Structure formats: C-alpha cells, structure tokens
Amino acid sequence: MSILTKTEAGPPGPGDPAPSGPFLSVRDLYVQFATEDGVVKAVDGLSFDLERGRTLGIVGESGSGKSVTNLAVLGLHNPRNTTIRGEIVLDGQELTGASERTLERLRGRKMAMIFQDSLTALSPYYTVGRQIAEPYMKHMGASRKAARERAIEMLARVGIPQPRLRVDDFPHQFSGGMRQRAMIAMALVCDPALVIADEPTTALDVTVQAQILDLLKDLQRETGTAIVIITHDLGVVANTADDVMVMYAGRCVERGTVREILKSPEHPYSWGLLASIPRLSAPVDLPLSPIPGAPPSLLNPPSGCPFHPRCAFAEEVGGGRCATVRPGIPEDERRGFACHLGRERKREIFTGQIQPRLGGGAR
Ligand SMILES: Nc1ncnc2c1ncn2[C@@H]1O[C@H](COP(=O)(O)OP(=O)(O)O)[C@@H](O)[C@H]1O
Ligand code: SF4
Ligand SMILES: [Mg+2]
C-alpha cells in the first residue's frame, strides 16, 4: 500500500548538496526535571546517530528515558522545569537552544511524532479530517479545500475505509485502531523526514500492529524517511529496525545492528531483555526469566553501572568496579556496550547460560 507522495522531504536527489554528518545526531544529551522530590535525571549522557532511510529501534523497560529522549528531539519539554544539555542536530540544524518558533516550524513539516496514546493526541472537539488538514494548511500553506482533499487521501493511505465519508467523523466515532491510524495520518500529512513512533502498537491487536508497521516501512521506501521506533517489545524491533539502541536508566547500554543485538548481545541487561521474550522454540523445561528487581529511581540513580543492583555478574568484576566506575561507550562507535565484564567471560556466559534460553527464536 502506498501512503505518501514524494515531496521535498524525500531523500537527497542528484542535484542536492551532499549532507555533512548524519541526518540526526544526538551528542552527550542530558535531560533533567526539577520536581518537588528532587532532580530526575531522565537522560544521562546519551549519544546516537540516525541516517535517512534507516530505522532505529530504542528498547528498554518502562522508565528508561526513551520517551523523554525523543520529546527532547522534538523540543516538546516544558522549559520551566526541564534542563537540557548536549547537542541535537537535525539535517545540519542545531535544535537544542532553537527558538520555539523554529521548532514549531520543524515539527510536522520536518519531524513528527506518533504518540503512544492516540486518544490524548486527538482532540475530541474537532473532526478527524480537520485535525489532519490543520497542519497541512499551516506548514504547507495549502487552502482549506486542498487540505481537506489531502486529509481524505491520507485517511485512505492509512487504510480507513470510505475516507470521504469518515473524514467528518469525530474521534469517538472511530475505533481504537482507526484512531491510531488517523493519528498516524496527522503525523505524516506533511511528509516529515524524521518520524518518531513512540510505542505505536502497544494498544493494538496484532493485525493492526503489523499493518501500521508496514505503513511506516512503505513511507520509508517512498520518501527515505528516518524512523525511530520506541518499544519495550524486542519482537517489534526484530521486524522493523535496522539498528538498535538499548537504554537503561537514561543511558545507552548497548547499540548495534538489529542482528548484532538479537544474535550476539554483549550486555547483561540486553541478555535479560532477550531472555524475557516468550518463544515457541525455547526448550520447555526452561522457565521464562524476567529480569529480577525493578528499574532504579532516576532521582538518585545507582553509582557506577546503573544496572549493578540487578546484575547477576557484578560480583565477577574485580575491585567493586561495577558499583563505582561508570562504564561507557565511545561516542562515535557504531557497535558498543557499556559493561566491565571481560570479553572471554562474557562469551562463556552467553554461550553457556543465555543462548540456550533463546532457543534460536530471534532473527
Ligand atoms: N515531566 C516530567 N517530570 C518529571 N519526571 C519525568 C517527566 N517526564 C518523565 N519523567 C521521568 O523520567 C523517566 C523516564 O521517563 P520516560 O522517558 O517516559 O520513560 P520510557 O522509557 O518508559 O519512555 C521516568 O522516571 C519518568 O518518571
Ligand atoms: S558493568 Fe558490571 S553491573 Fe554493569 S552490566 Fe556489566 S557486569 Fe553487570
Ligand atoms: Mg515512554
């Protein structure tokens, strides 16, 4: 199914200047919230890149800073209680410190977010069609009539039957799956070059999930969109992402291609995430193994490696380093993991204890 026409937001053509650096580059990002209980260190020194035409999957348990990171890219945090440090560069333009006017212009037209909860993203007071048409008029300078036609076209493209009739419905007249599609139509109406999808499939049944992920892939094929998919579901990552960043306590603990992360993960937290996916092919005598304990409070994150209170291997690293020394990943390394465990020992644990649990079910 085709969902978008190509516009200037597409991949660079032969006459376009060669872009310098990655399309989206985030360097040493910190996002902190001042709250009554203290400062929440939601993102704590995060770096990553994303190229056009590629999909980055960001995975991690709830509260690991996935949404906060991406809201920072879009400039959607409330400046009154949020401190943001670091660099966010989109297509050569620095976004941290950009004016609200600049960000407002970029949102919708150049970058867009598909939110987790379609009900809160759509206003109950306006028709679905109007909410899709509005950003098209605002950002693309389209007339009301042209924008309405575009809304109908977008509804058709996201698979809403009889779009010409449904365009004047209010959100409550749509089913949950249809609302999610309408919201996607709204996010994509201006052909944004960067689409961030925050747990886009959580509330949907598997068929609609698959259709929505297919829609995003079609969009990418047609216009070279760069996509970020935020999810706690490694199954979604396996089917959609090219690259993966695993987040824990506001940091990147491991990154690599989807194959590297699923087939040869190097970080104990990634092992835990992988081992906790239900798999048909796993040996029946091995129980599912959720990661013991809970993610830490970001008001007062653990010292050293933030995963150390939950890590079964922390004791193996000499000198108590896991609790005192923060492991890092060199900023510009494409493949990396933040862990003090020695290479040999890691291989041994992975092949002896972790791999048998994975049962060959991952891609
Ligand atoms: N506006 C805010 N004020 C204070 N704390 C926040 C705010 N937004 C998010 N947080 C906290 O930041 C942390 C990361 O949240 P989030 O990025 O939403 O996690 P997730 O990985 O589940 O998307 C959580 O501890 C969350 O409670
Ligand atoms: S650095 Fe230590 S605590 Fe952290 S994941 Fe590696 S072994 Fe576990
Ligand atoms: Mg989230």
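These lines cover the structure that appears in this document, whether it is placed above or below. Within each chain, residue numbers correspond to sequence positions counted from 1 in written order. As a convention, the first chain written is A and the first ligand written is 1, with the rest following in written order. Note on the predicted model: pLDDT of at least 70 is required for a residue's local features to be given, and 80 or more for side-chain atom pairs to be given and counted; whole-chain, interface and lining totals, by contrast, use all residues.

### A look at the nonpolar core
For clarity, the threshold we go by: Note on terminology: a nonpolar core is any set of buried Ala, Val, Leu, Ile, Met, Phe, Trp, Tyr and Cys residues joined through C-beta atoms within 7 Å. Here a residue counts as buried when 20 or more other C-beta atoms sit within 10 Å of its C-beta, as exposed when there are 12 or fewer, and as partly exposed otherwise, the C-beta atoms being derived from the backbone. Elements are defined by DSSP. Helices are runs of H or I of four residues or more, strands are runs of E of two residues or more, and each kind is numbered from the N terminus. Domain limits in this description derive from either an automatic procedure or a database domain assignment. In this description, any two residues whose backbone-derived C-beta atoms lie within 7 Å of each other are considered to be in contact.
By size, the foremost hydrophobic cluster in this structure holds 97 residues, and its most contacted members are Ala185, Val195 and Val246. The dominant element in this core, judged by the number of residues it contributes, is helix H7 (residues 176-188), at eight residues. Both domains that furnish three or more residues to this core are identified here as domain 1 (52-75 + 99-246) and domain 2 (264-358). Setting aside residues no more than four positions away along its own chain, Val195 makes contact with Ala112, Ile114, Ala187, Leu188, Leu216, Thr225 and Ile227.

### Considering H7
Which entries qualify depends on this criterion: To estimate the expected span of a helix, subtract one from its residue number and multiply by 1.5 Å.
Relative to the 18 Å expected for 13 residues at 1.5 Å per residue, H7 spans 19 Å between its end C-alpha atoms, a close match to the ideal helical length. Across the 13 residues of H7, eleven count as buried, placing the element largely inside the fold. Among the residues making up H7, those that are buried are Met178, Arg179, Gln180, Arg181, Ala182, Met183, Ile184, Ala185, Met186, Ala187 and Leu188.

### Digging into the pairing of strand E7 (residues 194-198)
Condition: Two strands are counted as paired when DSSP detects at least two bridges linking them.
Burial runs high along E7: four of the five residues are buried. Where strand E6 (residues 111-114) and E7 come together, four bridges link them in parallel fashion. The residue bridging Met111 from the neighbouring strand is Leu194, located in E7.

### Things to note about the sheet that holds E6
What counts, and what does not: For helices, the fitted line uses only the C-alpha atoms of the stretch in contact; every axis is such a line through C-alpha atoms, and the angle between N-to-C directions lies from 0 to 180 degrees.
Across the sheet, which stays open at both edges, the seven strands sit in the order E6-E7-E8-E3-E9-E10-E11 with mixed pairing between neighbours. The sheet is open, and its two borders are formed by E6 and strand E11 (336-337), each paired with just one other strand. Along the sheet face, helix H11 (residues 268-275) touches strand E3 (55-59), strand E9 (243-248) and strand E10 (251-257) and points at about 105° away from the line of E9.

### Notes on the sheet that holds strand E5 (residues 93-94)
Pairing is antiparallel in the open sheet, where four strands are placed in the order E2-E1-E4-E5. Whereas interior strands pair on both sides, the edge strands pair on one side only; in this sheet they are strand E2 (38-50) and E5. Across ten bridges, the pairing between strand E1 (residues 24-35) and E2 is antiparallel. Looking at E2, one finds that Gln32 is bridged to Lys41. Sitting on the sheet, helix H1 (residues 66-74) is in contact with E1, E2 and strand E4 (82-90), with an inclination near 70° to E2.

### Observations concerning the environment of Asn78
Looking at where Asn78 falls in the secondary structure, it is placed in the loop between H1 and E4. Asn78 sits 45 residues away from Phe33 along the chain, and the two C-alpha atoms are 9.3 Å apart.

### Things to note about the site of ligand 2
Threshold: For each residue, a C-beta atom is placed from the backbone, and the residue counts as near a molecule or strand when that atom lies within 6 Å of it. Under the scheme applied, nonpolar residues are Ala, Val, Leu, Ile, Met, Phe, Trp, Tyr, Cys and Pro; charged residues are Asp, Glu, Lys and Arg; polar residues are all the others, including Gly.
Close to ligand 2 lie 14 residues; Cys305, His308, Cys311, Cys322 and Cys339 are nearest. Of the residues in the shell around ligand 2, the class split is eleven nonpolar, three polar and no charged.

### Re the packing of H11 against helix H13 (residues 343-358)
This is how the line gets drawn: For classification purposes, an angle smaller than 35 degrees is called roughly parallel, one larger than 145 roughly antiparallel, one from 65 to 115 roughly perpendicular, and anything else oblique. Left-handed is the label given to a crossing in which the near helix is rotated counterclockwise from the far helix by less than a right angle, and right-handed is the label when the rotation is clockwise.
One way to put it is that H11 packs onto H13 with a least axis distance of 9 Å and a crossing angle of 30°. Taken together, H11 and H13 sit at an angle that is classed as roughly parallel. Like other packed secondary-structure pairs, H11 and H13 cross with a definite hand, here left-handed. In this structure, H11 uses Trp271, Leu274 and Ala275 to contact H13, whose residues at the interface are Ile354, Arg357 and Leu358. Split into classes, the residues belonging to the contact of H11 with H13 amount to five nonpolar, no polar and one charged.

### Examining the pairing of E1
In the case of a regular strand, side chains alternate between the two sheet surfaces. The hairpin turn running from E1 into E2, its antiparallel successor, is two residues long. The pairing of E1 with E4 spans eight bridges and is classified as antiparallel. Each residue of the ladder has a partner; that of Val31, found in E4, is Ile84.

### A look at the site of ligand 1
Neighbouring residues of ligand 1: 13 residues in total, closest Phe33, Ala42, Lys66, Ser67 and Val68. The set of elements that each furnish at least two residues to the shell around ligand 1 consists of E1, E2 and H1. Broken down by element, the residue count for the shell around ligand 1 peaks at three residues, all from H1. Looking at the shell around ligand 1 residue by residue, the class counts come to five nonpolar, seven polar and one charged.

### Some points on the environment of Pro192
Turning to its location among the elements, Pro192 is positioned in the loop between H7 and E7. Judged by C-beta crowding, with 25 C-beta atoms within 10 Å, Pro192 ranks as buried. In this structure the C-alpha to C-alpha distance between Pro192 and Gly108, which are 84 residues apart in sequence, comes to 6.3 Å.

### As for the environment of Ala338
Structurally, Ala338 is set in the loop between E11 and H13. A count of 21 C-beta atoms within 10 Å places Ala338 in the buried class. What Ala338 contacts, discounting residues up to four positions off in sequence, is Arg251, Val253, His267, Pro327, Gly328 and Ile329.

### Describing unusual backbone geometry
In the Ramachandran plot, Asp28 falls in the positive-phi region, its phi being about 50° despite a non-glycine side chain. Although it is not a glycine, Asp191 sits at a positive phi angle of roughly 55°. As for its position among the elements, Asp191 is in the loop between H7 and E7.

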